[in-house]
Structures are given as C-alpha cells and as structure tokens.
Amino acid sequence: MASRRRMLLKVIILGDSGVGKTSLMNQYVNKKFSNQYKATIGADFLTKEVQIDDRLFTLQIWDTAGQERFQSLGVAFYRGADCCVLVYDVNVMKSFDNLNNWREEFLLQASPSDPENFPFIVLGNKIDIDGGNSRVVSEKKAKAWCASKGNIPYFETSAKEGLNVEAAFQCIAMNALKNEPEEDIYLPDTIDVAGGGRQLQRSSGCEC
Amino acid sequence: MLPHGDDEEKWLAEGIAGIQHNAFYMHRALDSNDLKDALRYSVQMLSELRTSLLSPHKYYELYMRAFDELRKMEMFFREETARGTISVIELYELVQHAGNILPRLYLLCTVGSVYIKSKEAPAKDVLKDLVEMCRGIQHPVRGLFLRSYLCQISRDKLPDIGSEYEGDADTVNHAIEFVIQNFTEMNKLWVRMQHQGPTREKDKREKERSQLRDLVGKNLHVLSQIEGVDLDIYKETVLPRVLEQVVNCKDELAQHYLMDCIIQVFPDEYHLQTLETLLGAFPQLQPTVDIKTVLSQLMDRLSNYAASSIEVLPEFLQVEAFSKLSNAIGKVIEAQVDMPVVGAITLYVSLLTFTLRVHPDRLDYVDQVLGACVKKFSGRAKLEDSRATKQIVALLSAPLEKYNDIGTALKLPNYPRVMDHLDNGTNKVMAVVIIQSIMKNTTCISTADKVEALFELIKGLIRDMDETQDDEIDEEDFKEEQNSVARLIHMLHNDDPEEMLKIICTVRKHIILGGPKRLPFTVPPLVFSALKLVRHLQGQDGDVIGEEISATPKKIFQILHQTIEALLSVPSPELALRLYLQCAEAANDCDLEPVAYEFFTQAFILYEEEVADSKAQVTAIHLIIGTLQRMNVFGVENRDTLTHKATGYSAKLLKKPDQCRAVYACSHLFWVDEQDGIKDGERVLLCLKRALRIANAAQQMANVTRGSSGPVILFIEILNKYLYFFEKGNPQVTSSVLQGLIELIKTEMQTDGSSDPSADAFFASTLRYIQFQKQKGGAMGEKYDPIKI
C-alpha cells in the first residue's frame with residue numbers, strides 16, 4: 001500500500017521578496033487577502049485538500065522567505081518537492097529577471113533525479129495593480145521564457161482579486177502528481193528487530 | 001566535542017540511515033495498521049534527533065527527514081481515530097509512554113495536531129498543554145527544533161478569529177498567548193546557547209546561533225499572520241510583550257535580529273501607529289547592538305511606504321513620524337557614545353531620505369537633519385573615514401537629486417556647514433557633484449547672492465584649502481575639476497546688466513584667489529562672460545545713458561583689465577595676450593578708442609617683455625596682426641603707431657621664414673577690403689617687397705649653410721599675396737611686377753638642385769589659377785591678359 005505516501009504532494013513557492021508568495025498561498029488556502037506587506041521568515045507550509053480524478057490529495061504548500069537574510073537555516077525543506085512554483089511581480093522587471101536564478105538554485109539544491117522534466121509553474125502576480133498600466137513584463141515575454149525552459153505552464157494571477165489562483169493551483173497539483181516520487185528506496189539488508197543497527201547499506205534495487 | 005567536516009557528514013549519513021531504517025519498519029507497521037509497532041519504530045526513528053553531533057544546518061536536514069515521516073504518522077493517527085480504533089484522547093495518553101522524552105514530545109505534538117483537528121478539546125487547551133510539555137527539552141538545538149515543529153503543526157490550528165478552531169470571546173488572545181510563549185521559550189534557549197560549551201568555541205557557537213535565528217523569528221512571522229491581531233491588540237499586547245522579551249534577553253545577536261524581524265514582519269501602518277513604543281526600545285538595547293542598521297531599515301521601509309501612495313501621507317503627519325524618528329536617532333546617538341561617526345551619518349542619511357519622501361515641502365526638516373549632523377561633527381577634526389565621507393556625499397547629494405535645483409540647497413543654512421567638515425578630497429567630490437547637478441539640470445544661477453553662496457560651497461575647487469600643497473593630486477583630475485568650474489561660470493547669468501555685473505564681480509573675487517594653477521582655467525570663462533555682457537550693453541545702444549548706472553562697457557573693461565592682469569603672476573603671458581586682444585576687439589565694437597588702444601598697448605608690452613619662446617612669438621604676432629586688421633576705431637595716429645610696431649616686430653622674429661610670413665601678413669594692415677577701409681597701396685607694396693628681400697636673404701642663408709635647397713615656397717606664398725592685391729586693384733601691383741616674380745621663381749626652381757614636391761605643386765596650382773583667370777574673360781581676364789606663363 002504505497003499509496004499512503006502519494007496522498008501528499010509537496011509544493012515549494014519561490015520568488016523575490018514582495019512578489020506575493022504568501023498572499024497567493026493565503027488566497028488559495030484561506031480565501032483571504034491583505035494588502036499589507038509582511039515579510040516571511042524561514043519557511044512554513046499550509047495544507048489543502050485537493051481532488052484529482054476522484055482521488056483526494058493533501059497539497060503541502062511551502063511558503064518561503066524572499067529575503068535572503070531570513071533563510072538562515074538553508075533549504076533542506078526543498079527535499080522531496082513534487083512541484084516548484086516560481087512567482088514574479090508583473091510590475092517589477094527585476095523579479096522576472098530573477099526567475100532564472102530561483103529555478104537554478106532550486107534544481108541545484110533539491111537536485112531532482114530528472115531536472116529536465118521536473119515540474120515548474122510560473123505565476124505572474126499582481127496583474128490587478130493600476131489596472132495593468134504599471135506592468136513592465138508582458139505576457140508574451142513571460143511565456144517566451146517559460147517556453148524556453150521546457151514549456152513551463154504559465155498563469156497570470158492576482159492574489160488580491162483571487163484571479164486565476166484556483167486554476168493555477170489546480171495545475172500545480174496535477175503537475176505535482178505527475179512527478180515521479182523519488183524517495184530513496186530503502187531496504188534493510190538484515191532484519192534487525194531491536195532496531196538501532198548501524199551496519200546498514202543503501203540498496204540500489206527496485207521497489208518490488 | 002563538536003563535529004568537523006567529514007566527521008559531520010558521516011554522522012549525518014548515519015543519522016539518515018537510522019531514520020530510513022526505522023521508517024521502513026514504521027511504514028510496514030502503518031500498512032498493516034499495527035499501531036504498536038508504528039509507535040515503536042517512530043520512536044526509534046525520532047531518537048536519531050537526539051544527536052548532539054551536528055551543526056544546525058545538518059541537523060535541519062535530519063529533522064526534515066523525520067518531519068516528512070511524521071506526516072505519515074499524522075495521517076495514520078487521523079485515520080485510526082476516524083475509524084474509532086482508538087480515541088484521540090487515548091492516543092494522546094498512549095504516546096506519552098515513550099521512554100525517551102524527545103521522541104515522546106514529537107509524537108505528542110503530532111497527535112496534538114490530530115487532537116485539535118478532531119475538535120474534541122478546545123484548541124487553546126491542547127496548545128497550552130503542548131507548549132508547556134515542550135519545556136522538557138532544555139538542550140538548545142534540540143529544543144529549538146522541537147518547538148519549531150510545534151510552531152509548524154499548530155500554524156493552521158490557532159484559535160484565530162474566523163478560523164475553524166475559533167473559541168470563546170478571548171480566542172485571539174489564546175492564540176497570541178500560545179505563540180508568544182513558544183517564542184519566549186525559544187528565545188531563552190537560543191540566548192542561553194552562547195553560555196554552553198568552552199569559551200574558545202564562542203565564535204563557532206555564535207555562527208551556529210546565527211543559523212538558528214529563523215526558528216525563533218518564525219514565531220513573529222506567525223504572529224503577524226494571525227488575522228485577529230489588529231492594530232489595537234498589536235499595540236496593547238503583541239508589541240509590548242515581544243519588545244519586553246527582546247529588551248530583557250540582553251543579547252546582542254538576538255536583539256539585532258529580532259528588532260529586524262519585528263520591522264519586517266509587521267505591516268507599515270502598525271509601525272507608524274506604534275512608533276513611540278518601537279523607538280523607545282532602541283535606547284534600552286545592548287550598547288553593542290548595531291542599531292543604526294535596524295533603524296535605517298525601519299526608515300527605509302517607511303520611506304517606501306510613503307512613496308507607495310499619496311494617500312498614506314496624512315498618516316505620517318498625524319503621528320508626527322519625522323519628529324519621533326528624529327528624536328529617537330538623537331537619543332540613540334547620545335546613548336551610544338562609542339558609535340563610529342559613520343553609524344551616525346548612516347542614520348541621518350536614512351532620516352533625510354525619509355523626510356525627502358514624506359515631507360518634500362519641509363525644507364526646514366532637511367536643514368534640521370543637516371544641522372544635527374553638524375552638531376555631531378562639532379569639535380571633531382575633519383572626517384577621514386572613507387565610509388563616513390561616502391555617506392556624507394550621499395547625505396548632501398540627496399536634496400540635490402530630490403529637488404534638481406541647487407537653489408534649494410543654497411537656501412539651507414546647514415548645508416555649507418556640513419561641507420566644512422569634509423576633508424579636502426571629499427569636499428572636492430561634493431563640489432563636483434554640485435556642479436554636475438547644475439549642468440545636468442541646466443540650472444541658471446541668477447543672482448550675485450546665490451553665486452556667493454554657491455562659491456562658498458564649492459570653494460574646495462576654487463582655492464587651495466590648506467598649506468600642504470597636495471603633490472599627490474592627479475593632473476588629469478585637477479584639469480577635470482577646473483574645467484567643470486569653467487563650465488559652471490557659464491551657467492551664472494542674469495539678463496539685468498546691473499545684477500550680471502555683480503555676478504561677475506563676485507565670481508572674480510573668488511577665482512582671483514585660485515592661484516597660478518587655477519587661473520588659466522577660470523579667467524577665460526569669466527572674461528568671455530563679461531564680454532558677453534559688454535555685447536549685450538552695446539546692443540542696447542545707450543538707452544540708459546545718463547542714468548546712475550555702473551554697468552557700462554567702460555567699467556566692465558576696467559574690471560577685465562584687472563582680471564587679465566592676474567594671469568601675469570601665473571605667468572601665462574600668451575593667454576593674457578589673447579584675452580587682451582579679445583577685449584580690444586570688443587572695445588573696438590563699442591567705439592571706445594582709448595580703451596582699445598590701451599588693450600593693444602598691453603598686448604604689445606606682453607609681447608615685448610613676456611613672450612620669449614620664438615614659436616609663441618610667431619603665434620602671438622599673427623594674432624596681433626589679425627586683430628589689428630579688423631580694428632576700425634583708431635584714428636590715423638594711433639593706427640600708425642600700432643601698425644608700425646606690428647611690422648617692426650614681424651621683421652624681428654627669430655627665423656627668416658617666420659619674418660617673411662609675418663611681414664607679408666602685415667601688408668593687410670594697409671589694405672582693408674571694406675567700404676571705408678584704408679587702402680594704402682604704396683605701403684602694401686613696401687611690405688611685400690620687404691618680404692621678398694627677407695625671402696632672398698633666407699635663400700642665400702640656406703645656400704651658405706647647407707649648400708642646397710632654399711625656401712622657394714616663400715616666394716610662391718608672396719606671389720599669392722601679390723595676386724590678391726592685384727585683383728583687389730592695388731595700382732602699385734602691376735602685371736609686369738607679377739611677371740617678374742613668376743620668372744624669378746622659375747629660375748629659382750631650376751637652379752635649385754633638389755626639388756620640393758609641395759612647392760612644385762603649390763606653384764603649379766598658382767599658375768593654373770592665373771591661367772584660369774586669363775581664360776575667364778571679362779575685366780579680370782583682361783587684367784591678367786598681359787601675364788605670360
């Protein structure tokens with residue numbers, strides 16, 4: 001019954017400070033929004049139940065600090081992620097330019113077994129601001145970047161208005177589910193009933 | 001014994017292996033719904049977290065492994081209790097039988113999460129129990145991670161307003177109480193950590209503590225996310241309690257970090273409305289805390305908030321944010337006597353940025369900040385810390401950038417006082433910044449008073465500031481600086497002649513002190529600026545004659561005379577000579593014969609007494625001839641005197657060819673091709689003949705000395721002069737004279753052994769010209785007809 005593990009889908013949200021990572025998560029999980037800027041410290045997650053093809057999954061959504069000085073312990077929580085969400089602010093060019101850094105940093109630290117096909121999703125947030133008049137990153141430009149990185153799905157969102165948030169996370173969940181789990185497959189070579197045995201080896205064999 | 005490098009990797013690997021091993025059996029137990037075994041293996045798995053061998057980073061990796069496994073346990077607990085195999089209360093009791101306290105508490109928190117979710121007990125009670133139980137772990141690293149686990153699993157189960165776990169009327173307070181208690185305990189563990197272990201590993205421990213800081217800070221993030229924490233509750237409960245903890249822990253690292261966290265995690269509005277409380281904490285912090293960085297971050301944050309929308313500005317006014325911040329900074333600087341000057345200035349820069357954004361109309365605030373800086377500097381020697389001076393440049397540049405108008409800065413009494421405290425180098429940098437701002441915005445400085453103030457500001461560029469002649473000054477830099485001053489002088493302008501004259505006098509007063517190195521850069525732009533005024537007055541043509549005015553061309557010429565004289569001390573006679581000639585020409589246009597004559601006299605005196613280099617003499621004499629040729633103001637007598645001198649000096653130049661060329665140039669002094677111009681054909685011819693004689697002499701000299709080629713080219717040049725006057729109708733220059741000269745040149749060229757290609761070409765094209773004129777027909781053709789080539 002390996003399915004117990006697969007009921008949990010782990011998602012990491014990354015992006016520059018102030019692009020709305022926490023707001024997107026809060027809008028999706030709690031249907032709440034606050035205009036006030038509050039920095040995130042370290043990393044924490046909220047969960048939400050999602051239904052995909054009549055099956056119920058728990059989405060574990062990790063919100064992270066965009067400011068580097070609030071990430072003092074490092075990024076060990078990237079481990080085992082099923083999908084990585086890259087967020088930028090359509091009104092801030094720099095936040096878009098940095099997407100590449102976030103993506104590469106994630107691949108480097110999480111080191112998924114198949115980096116080429118690891119599911120990412122890009123969200124261009126804050127499309128509501130100033131009726132879109134202040135945006136500096138065009139949809140075309142963002143889509144072109146996504147296409148160049150192996151057709152990353154792209155959504156334009158407004159955490160404030162709740163625009164596209166549900167759809168984006170539905171897509172995130174679907175893609176997370178498609179990701180092959182790469183939990184280290186572990187088989188003990190000796191059955192040590194008392195536990196605590198240290199003469200262990202990792203097996204490279206298959207799951208069955 | 002603390003781990004190093006490879007050892008640590010090994011221990012981590014062993015820890016991970018232990019977790020994987022037990023997790024394997026735990027999964028099997030879960031798959032067969034065997035609660036007893038599941039608990040047993042999870043306890044063994046969690047025992048791996050009892051290690052003391054790992055640094056926080058590595059421990060975090062281990063913790064994350066266990067964390068992921070615990071999610072499966074949590075799901076299992078939920079399923080089991082849902083199926084009714086066991087009640088959540090029983091489960092809560094059951095896990096407490098685990099032998100080791102750390103695994104027991106991890107499991108308890110995990111069940112606690114399910115317990116709250118089940119709503120079989122009020123969230124606040126379960127949370128209270130958990131946060132109390134966690135006291136059982138007093139090892140800092142293990143305790144911090146355990147409590148961070150509690151923080152995480154309770155994150156979405158706080159009895160917040162609007163949450164599904166909302167309780168009685170006091171519900172938010174329970175939520176806050178829980179988080180603050182956890183925060184307080186974590187902070188204690190974190191602070192205490194520095195005292196554990198040998199002193200020699202203090203640095204390493206501080207580094208590890210620094211890595212752990214976000215575990216503590218995360219509680220503040222959770223607090224800020226609680227919906228029920230409105231401004232009132234924040235003001236009355238949250239902020240005072242958090243600050244109490246921060247102040248009382250008396251730990252440098254914690255205080256700096258937590259103040260930063262408070263500023264970053266809570267919203268701008270809250271900070272504005274609690275500024276007094278927040279700022280009140282700063283003087284209570286340890287003296288070693290880097291308050292300036294934190295305060296600067298607060299001000300930067302508020303500045304950005306102010307800039308975000310005009311609608312929020314009234315909030316700032318209402319709470320008198322500026323005076324509060326200004327006060328707080330004053331107190332901090334007073335309290336921290338050891339704070340380096342750069343720290344104080346950094347604070348003032350932030351405050352200035354703040355006020356420029358929030359109160360752009362309050363120049364008095366800007367001046368107040370500058371004044372505070374001056375106060376801080378008073379009694380000190382000039383600043384030499386490069387970081388400090390860099391900050392001052394930022395401080396002084398900010399108003400210029402904001403207002404794009406030096407006029408505004410000139411209105412600030414404290415602005416020059418701050419500059420007085422800069423070392424000479426920085427003073428100059430700042431002066432250049434000021435000039436660049438003026439140039440960039442093409443700001444016209446239009447009154448003498450402003451000019452006075454401006455020159456006071458940039459005095460570092462205008463004169464030497466101390467006795468020690470700076471030998472290390474880079475020549476290029478110096479030139480660049482002085483060129484910028486020269487550019488600046490052209491930006492000082494007023495259409496009113498009286499005011500403009502005052503401006504000129506003010507500038508003169510300052511630049512005259514510049515010393516020999518600067519004058520050659522600064523005098524010319526001033527001279528031309530004054531001449532511009534002269535032309536302006538001349539254009540008005542005596543409208544104001546008879547009035548009590550001082551701005552007359554005569555008066556200006558007098559000033560110019562004195563100004564140019566200053567160049568003699570440099571000495572820079574060639575430049576002075578040029579400028580005298582410029583003035584003479586302007587005086588000519590103003591119809592001021594005595595003045596023009598005086599300038600010429602000065603030019604000649606310079607030529608006689610100061611211009612010694614033969615090349616410089618050649619240049620100077622040609623300038624004199626050229627200028628004199630254009631003068632029409634002189635009466636016969638004056639003119640004769642000057643032309644006589646000019647031709648005399650021409651003939652006395654060092655080298656024959658130079659003599660020859662200057663003398664034939666003098667011929668133009670006697671033939672001005674204008675309506676009423678002088679046309680003295682005889683004297684023209686005298687000059688040309690004299691030039692010929694000199695050319696002959698030069699030829700002979702060349703033959704003697706080198707026995708070879710002479711300067712035939714001089715003859716050709718003279719021929720061209722003849723042609724000019726021939727065409728202009730000088731009766732003395734006839735076709736036969738020309739014919740003779742052509743023959744002469746031909747003979748010369750034949751006898752001359754080696755040929756000079758450029759002379760050949762010149763002669764050929766001269767002949768071609770004559771040919772062309774002959775063939776043109778008409779009057780000119782007839783005139784040329786007799787000449788045979």
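Residues numbered from 1 in each chain as written. Chains lettered and ligands numbered in written order. Predicted model: local features only at pLDDT ≥ 70, side-chain atom pairs only at ≥ 80, totals over all residues. Heavy atoms only, no water.

Student: It is not clear to me how the sheet that holds strand S2 (residues 43-52) of chain A should be interpreted in this structure. Could you clarify?
Tutor: By way of backbone hydrogen bonds, the strands of a sheet pair with one another, either parallel or antiparallel. Residues and elements named next belong to chain A. What the six strands build is an open sheet, ordered S2-S3-S1-S4-S5-S6; its pairing is mixed. The open sheet has two free edges, formed respectively by S2 and strand S6 (154-156), since each of these has just one partner strand. Shown here is a sheet whose adjacent strand axes are inclined to one another by a mean of 25°, direction ignored. Direction of pairing for strand S5 (residues 120-125) relative to S6: parallel, over a ladder of three bridges. Within the sheet, the bridge partner assigned to Gly124 lies in S6 and is Glu156. (Pairing = 2+ DSSP bridges. Helix = DSSP H or I, 4+ residues; strand = E, 2+ residues; numbered from the N terminus. Axes fitted to C-alpha atoms, helices over the stretch in contact; angles between N-to-C directions.)

Student: Quick question: what am I supposed to make of helix H8 (residues 171-192) of chain B here?
Tutor: Within an α-helix, residues lying three or four positions from one another point in the same direction, as the helix has 3.6 residues per turn. For H8 of chain B, with 22 residues, the first-to-last C-alpha span of 32 Å sits near the 32 Å given by 1.5 Å per residue. The buried fraction of H8 of chain B amounts to 17 of the 22 residues, a majority that puts the element mostly inside the structure. (Expected span 1.5 Å × (residues − 1). Buried < 20%, exposed > 50% of the residue type's maximum accessible area, 1.4 Å probe, protein only.)

Student: How should unusual backbone geometry be read in this particular structure?
Tutor: Among all residues save glycine, negative phi is the norm, and among peptide bonds the norm is trans. Note that the residue after Val570 of chain B, namely Pro571 of chain B, is joined by a cis bond; omega there is -10°. One non-glycine residue with positive phi stands out, namely Asp53 of chain A, at about 50°. Following the sequence through the fold, Asp53 of chain A ends up in the loop between S2 and strand S3 (55-64). In this structure, Ser111 of chain A is a non-glycine residue whose phi angle is positive, near 30°. Within the element layout of this structure, Ser111 of chain A appears in the loop between helix H4 (99-110) and S5.

Student: Help me out: how do you make sense of the confidence of the model for chain B in this one?
Tutor: Low pLDDT marks stretches whose predicted atomic positions should not be read closely. On average, residues of chain B score 89 in pLDDT, and 96% of them reach the 70 mark or higher. Mean pLDDT across the elements of chain B bottoms out in helix H20 (residues 406-410) of chain B (83) and peaks in helix H7 (residues 140-154) of chain B (97). (pLDDT = per-residue confidence, 0-100.)

Student: Is there a simple way to think about helix H37 (residues 757-776) of chain B in this case?
Tutor: All names here are of chain B. Given a rise of 1.5 Å per residue, 20 residues ought to cover 28 Å, and the 28 Å separating the end C-alpha atoms of H37 matches this to within 8%. Listed as buried for H37 are Ala759, Phe763, Thr766, Leu767, Ile770 and Gln773. One side of H37 holds all its buried residues, which, seen down the axis, span an arc of 115°. In H37, those exposed residues whose orientation departs by more than 90 degrees from the buried face are Pro757, Arg768 and Gln775. Residues of H37 that are buried sit in contact with helix H35 (712-728), helix H36 (735-751) and helix H38 (778-784). The positive-phi residue at the C-terminal boundary of H37 is Gly777, with phi of around 80°. (Arc of directions from axis to C-beta. Contact = heavy atoms within 4.5 Å.)

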